[in-house]
Amino acid sequence: ILLGVLVLVALLTVDFGANESLVLLRKRRLVHLISSKLPSLSENYLNDESRRQALHWMANSRANEISIWFGSADRYRIVQQYSLATFYFASNKLSKNATAANFTSKTSWVRSDGWLEEPDECKWYGVECMKDVLNDSDSNLVVGLNLSQNGLMGSIPLDLALLSDSLSVLDLISNRLTGKISSVLGNMSLLQSLHLDRNELTGSLPSHIGLLTHLQHLTASHNDFQFSLPTELGLLSKLQRLDFQKNSLLGPLPSELGLLTTSLKTLQLSHNNIFGQLPNSIERLRLLEWLDLSYNVLTGSLPSKLENLPNLSIMRLRNNFLKGEAGSNDARRKQTQQRIQEWDLSGNFFSDLPIDRDRLVPGASRSPRTQEKRERKITPDTCLE
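Worth saying up front: this structure is predicted, and the values here are computed from it rather than measured.

Caption draft 1: Expanded view of the sheet that holds strand E2 (residues 140–146). If you walk across this open sheet you meet the ten strands as E1-E2-E4-E6-E8-E9-E10-E12-E14-E16, and the pairing is mixed. Looking at strand neighbours, the two that pair on one side only are strand E1 (127–131) and strand E16 (342–344), the edges of this open sheet. Here the average twist between neighbouring strands, direction ignored, is 15 degrees. Sheet analysis places strand E8 (residues 217–219) next to strand E9 (residues 241–243), joined by three bridges and oriented parallel.

Caption draft 2: Local environment of the nonpolar core. Of all hydrophobic cores here, the largest spans 88 residues; its most connected members are Leu145, Leu218 and Phe244. It is helix H5 (residues 76–90) that contributes the most residues to this core, nine residues altogether. If sequence neighbours within four positions are ignored, leucine 145 has contacts with Leu84, Phe87, Trp115, Gly126, Val127, Leu160, Leu167, Val169, Leu170 and Asp171.

Caption draft 3: View of the environment of asparagine 140. Among the structural elements, asparagine 140 can be located in strand E2. Overall, asparagine 140 belongs to the partly exposed group, its relative accessible area being 23%. Residues in contact with asparagine 140, not counting those within four places in the same chain, are Arg77, Gln80, Cys122, Cys129, Met130 and Lys131.

Caption draft 4: Local environment of the state of the cysteines. Taken as a whole and judged by the stated rule, the model has one disulfide. Each disulfide pairs two cysteine sulfurs, and for cysteine 122 the partner residue is cysteine 129, the sulfurs being separated by 2.1 Å. Looking down the S-S bond of the cysteine 122 and cysteine 129 bridge, the torsion is -90 degrees, so its handedness is left-handed.

Caption draft 5: Spatial organisation of empty space enclosed by the protein. Summed over all chains, the structure comprises two cavities of 30 Å³ or more. The volume enclosed by the largest cavity comes to roughly 140 Å³. Together, 13 residues line the largest cavity, and Ile156, Ile181, Ser182, Leu185 and Met188 are the ones closest to its centre. The residue inventory of the lining of the largest cavity, partitioned by class, reads twelve nonpolar, one polar and no charged.

The rules behind each value
Residues numbered from 1 in each chain as written. Predicted model: local features only at pLDDT ≥ 70, side-chain atom pairs only at ≥ 80, totals over all residues. Heavy atoms only, no water. Pairing = 2+ DSSP bridges. Helix = DSSP H or I, 4+ residues; strand = E, 2+ residues; numbered from the N terminus. Axes fitted to C-alpha atoms, helices over the stretch in contact; angles between N-to-C directions. Core = buried A, V, L, I, M, F, W, Y, C linked by side-chain atoms within 4.5 Å. Buried < 20%, exposed > 50% of the residue type's maximum accessible area, 1.4 Å probe, protein only. Contact = heavy atoms within 4.5 Å. Disulfide = S-S within 2.5 Å. 1 Å grid on protein atoms, 1.4 Å probe; cavity = no way out; pocket = protein on both sides within 12 Å on 5 of 7 lines; lining within 4 Å. Points joined across faces, edges and corners; volume = space filled by probe spheres on them. Nonpolar A, V, L, I, M, F, W, Y, C, P; charged D, E, K, R; others polar.

Spelled out as structure tokens, the structure:
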């Protein structure tokens, strides 16, 4: 770690002459503090432009605060502002030409009220704070970052992990964020809600996701993810909603999802390339209300007790390659129909279907893809072409 810090400090000297020694000193102190929070920093850490911009902004615009904070126990405020500043520059492609005099001269953000201008980061648009009651401090900790539909362009920097001691909500829905999700996501142990829907994110979901034991909502629909769901999702004992619909997910459903018996209410994975059989463990999801696995490549038969889940109200499995029998005996069918609001099994190869299915899902029996399958004899293998 010490060697890495020395290398980072050496890199800082490239841009500054002797007349800016005070600015350089502040940057060195900042790098030392950051490295203590992110011990896995590499010597290439400062090659990232957004980090260099954030350090430059802190050293120039927060000089007095740095002197005060470094002399007290409240150093978290420095790390907090640096983390947010790095995120601002990383997700704001139009800010690359910003100068020390005007860091917000160009922005792609729809709203950036207070960002890098207001001394109190808790007054920046989309930032939610609360008092540090646990440590009996007057400091305000960032607990939420809500920047949905705000014109964010760029990547999600690993430096957000510097907020791991406080951040519980991260909402970045409907922006133009690209790149991959860093494995340091697993460091954000207090995260309860992670919403990344409708961006242009790629790559996979790190297995470190299993470390987020407080996570309740994980949504990332309408992106370009291509991965198999990690088995570590079964470790998220508080997870209530999992939504990755309209991506390019591969592989089978992990049976470990059945471990979420006391939490999972919504499972939305439609419009992907998930294949294989439905694991029988899904029958253990007693709190499940919404199940949507339509438009995938699922095969085999339905778990025999799936329809008996007591809280299930929406079940969409249309346009897969499921077969066998879809319903149970007549008496149970009537009870199921009364309880489940929507039961869509069209576009499969079942030998029977629940009675009055067309009433529950108007037009379901006339699925164009069902007819296409029968005419072209599509198989799970050809579906992946």
